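Observations on the three-dimensional arrangement
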Amino acid sequence: MISSEINLHNYPNPFSPTDGNVVGSGSITTDGTIIYYNLKADVKQLYLEIYNLSGELIWEYDAKNADYTAGKHYIPWHGKSKDGNIVADGVYLCVLTAEDRVETCKIAVKK
């Protein structure tokens, strides 16, 4: 779901973490997918988490490195779990929490 408030989405979608293709341009490159979001105003807290459809937390962004200022931002995800293993094929839920706003989008992994 793409919200007009935060505009959370990723590209490419679906993606393969094992194909070796690098996506993006300039300083935004990854061998996985890039998660984009837009903050309408500065925030004091930001969390980005990826869950499988069973509700298990698969990966989380280290929020201490997050940019909390208004504007467009991105976070690369290499399609790996918290323990560094490549995730299984399937659909994952990307959840961004920015203070009182929670937005979700679906990310598809296809190897």
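Residues numbered from 1 in each chain as written. Predicted model: local features only at pLDDT ≥ 70, side-chain atom pairs only at ≥ 80, totals over all residues. Heavy atoms only, no water.

A short note on the sheet that holds strand 4 (residues 33–39)
- The three strands lie next to each other as 1-4-7, forming an open sheet whose pairing is antiparallel. Each edge of the open sheet is held by one strand with a lone partner, namely strand 1 (9–11) and strand 7 (71–77). Strand-to-strand twist of the sheet, defined as the mean angle between neighbouring strand axes without regard to direction, takes the value 30 degrees.
- As paired strands, strand 4 and strand 7 are joined by seven bridges and run antiparallel to one another. Residue pairing for strand 7: Leu 39 is matched across the bridge by Gly 71. (Pairing = 2+ DSSP bridges. Helix = DSSP H or I, 4+ residues; strand = E, 2+ residues; numbered from the N terminus. Axes fitted to C-alpha atoms, helices over the stretch in contact; angles between N-to-C directions.)

Overview of the sheet that holds strand 9 (residues 101–109)
- One open sheet accounts for four strands, arranged 6-5-8-9; its pairing is antiparallel. The outermost strands of the open sheet, each flanked by one partner alone, are strand 6 (57–60) and strand 9. Sheet twist, expressed as the mean angle between neighbouring strand axes with direction ignored, is 25 degrees.
- The pairing of strand 5 (residues 46–52) with strand 6 spans three bridges and is classified as antiparallel. Within strand 6, the position partnered with Glu 49 by the bridge is Glu 60.

Comments concerning the packing of aromatic side chains
- A complete count under the given rule lists four aromatic pairs for this structure.
- Between Trp 59 and Trp 77, the ring centres sit 6.2 Å apart and the planes meet at 40 degrees, which makes this aromatic pair tilted. With Trp 59 in strand 6 and Trp 77 in strand 7, this residue pair connects regions lying 18 residues apart in the sequence.
- Each member of the aromatic cluster is reached from another via a ring pair, and the members are Phe 15, Trp 59, Tyr 61, Trp 77 and Tyr 92. (Phe/Tyr/Trp six-rings, centres within 6.5 Å; stacked < 30°, edge-to-face > 60°.)

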